[in-house]
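Read off the chains here:
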Amino acid sequence: MSLLLSIFYFFYFAIVGVYMIFMPKVLAMVGYSASEIGIIFGAAPLVRFILPFFFTRGLKLDAKVFNIATVVMLLSAFAFYFSIDNFYALFLSNIALGIGMSLILPYVEVLSLEYIGKEKYGKIRLFGSVGFILVALVLVKFLSSAQIALIYLLVVTLMTSIVSFILIRISKKVERRSENNLHDISLLKHWKLWTSMMLMQMSFGAFYNFFTIYETAHGISLDMTINLWVFGVIVEIIMLFFQGRFLKLNLLFILEITTFSAVIRWILLFLFPQNLTLLFVAQSLHALSFALFYSASISYLHQLYSSKALAQQFYSGITFGLGGFIGAIVFGYVYEYFADYTFFVASLVALASLILMFLWRKSQNTSL
């Protein structure tokens with residue numbers, strides 16, 4: 001099971017690598033404006049936010065739904081190839097990709113946490129980072145046209161689908177308690193926690209969608225920008241390997257520290273967009289602001305709620321979904337009209353997230 005999960009993460013996050021690092025640049029090459037790129041990339045996160053609410057009304061994330069989502073994901077990758085020059089067709093393809101990817105990952109995350117545990121989770125999840133970094137290193141050498149990036153997207157999506165079908169066939173059923181019970185997950189009662197997590201991911205809208213464009217516009221070469229991406233993922237891999245000891249600590253305190261690291265990270269990108277040394281320092285914070293934050297978040301929700309798969313879906317929907325959607329739209333317009341202030345705004349959003357996480361921890365009367 002560990003081997004299959006590792007392979008799944010490898011190819012799944014290879015998709016993410018193509019999608020996040022190269023697709024914004026590809027769309028800019030084709031002729032889309034920054035606001036259009038923001039709208040297109042906001043489609044999938046919006047769907048990811050809406051989907052979990054259907055699972056509070058009787059629909060269950062089981063093997064059948066998992067298989068359907070895998071097929072939808074694969075078909076959407078084919079659609080990308082044929083819709084690159086049509087805004088509306090590309091928008092719909094992106095929605096389909098969002099549906100597929102947002103359903104299969106929460107299912108696999110629960111499998112990982114149940115079978116492996118949070119202490120060993122990072123050593124399996126790091127293979128996703130390896131897939132992300134390898135596709136970045138390979139594709140940057142061959143990105144001479146939009147079609148090449150789309151072919152890479154199709155290939156890694158096909159491999160993810162094959163592994164997913166194998167994984168679902170041999171995996172045992174994961175026990176779920178009160179999986180259809182929304183009352184176990186109170187979004188209103190726990191609004192500080194969920195809003196904080198949403199704002200944290202919203203701040204990443206500047207980074208995921210516009211970091212490559214932002215740095216190349218400031219004179220950093222595409223090759224060096226990819227090196228910055230790669231370095232961020234390398235420190236992420238190191239953190240994932242050693243994070244087990246941190247996840248034994250107070251998870252809410254870990255979430256505060258990692259959110260604060262995002263504030264510092266975005267400020268550095270705002271103040272020093274051409275200083276390679278400080279850009280690498282900023283990227284080193286990816287180990288905290290993404291890797292440790294993500295693991296601490298899903299681990300905390302796993303222990304907070306009995307509806308574990310639904311909790312992971314809501315995490316995906318509210319953070320990568322709603323947060324990603326708002327971030328893509330907002331930072332699309334911020335970059336179009338105030339490009340130099342993109343990461344200053346991102347730092348303010350991360351600061352708001354930090355304040356809410358601090359208030360949530362205080363409300364839970366947890367000590368450090």
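Trainee: What am I meant to see in the environment of Leu 90 here?
Mentor: As for its position among the elements, Leu 90 is in helix α4 (residues 87-115). Its relative accessible area of 0% is what places Leu 90 among the buried residues. For the pair Leu 90 and Phe 54, spaced 36 residues apart in the sequence, the C-alpha separation amounts to 25 Å. Residue contacts for Leu 90: discarding those within four places in its chain leaves Leu 27, Tyr 32, Ile 40, Phe 80, Ser 83 and Ile 84.

Trainee: Please explain the pattern of salt bridges as it appears in this structure.
Mentor: Two side chains bearing opposite charge may form a pair once their charged atoms approach each other closely. If you walk through the whole model with that rule in mind, you get two salt bridges. Of the charged contacts, one joins Glu 236 and Arg 125 as a salt bridge, the two residues approaching to 3.8 Å between their closest N and O atoms. Linking Glu 236 in helix α8 (residues 222-242) with Arg 125 in helix α5 (residues 118-142), this pair joins segments that are 111 residues apart in sequence. Overall, the relative accessible area of 5% leaves Glu 236 in the buried class. With a relative accessible area of 2%, Arg 125 lands in the buried category. Note that Arg 361 is salt-bridged to Glu 256, the shortest N-O span being 2.3 Å. Taken as a pair, Arg 361 in helix α13 (residues 342-363) and Glu 256 in helix α9 (residues 251-271) lie far apart in primary sequence, 105 residues in all. Looking at Glu 256, the relative accessible area reads 7%, which means it is buried.

Trainee: What is the right way to read the environment of Phe 127 from this model?
Mentor: Inspection of the secondary structure assignment puts Phe 127 in helix α5. Excluding anything up to four places from it in sequence, Phe 127 contacts Ser 6, Tyr 9 and Phe 10.

Trainee: Is there a simple way to explain the packing of helix α1 (residues 2-30) against helix α2 (residues 34-54) in this structure?
Mentor: In helix packing, the relevant descriptors are the interaxial angle and the interaxial distance, both defined with respect to the helix axes. At a minimum axis distance of 9 Å, the contact between α1 and α2 shows a crossing angle of 150 degrees. When the interaxial angle is binned, α1 and α2 end up roughly antiparallel. In contact with Tyr 12, Tyr 19, Met 23, Pro 24, Leu 27 and Ala 28 of α1, α2 contributes Ile 37, Ile 40, Phe 41, Ala 44 and Arg 48. Split into classes, the residues belonging to the contact of α1 with α2 amount to ten nonpolar, no polar and one charged.

What counts, and at which threshold
- Residues numbered from 1 in each chain as written.
- Predicted model: local features only at pLDDT ≥ 70, side-chain atom pairs only at ≥ 80, totals over all residues.
- Heavy atoms only, no water.
- Helix = DSSP H or I, 4+ residues; strand = E, 2+ residues; numbered from the N terminus.
- Buried < 20%, exposed > 50% of the residue type's maximum accessible area, 1.4 Å probe, protein only.
- Contact = heavy atoms within 4.5 Å.
- Salt bridge = Lys/Arg side-chain N within 4 Å of Asp/Glu carboxyl O.
- Axes fitted to C-alpha atoms, helices over the stretch in contact; angles between N-to-C directions.
- Parallel < 35°, antiparallel > 145°, perpendicular 65-115°, else oblique.
- Nonpolar A, V, L, I, M, F, W, Y, C, P; charged D, E, K, R; others polar.

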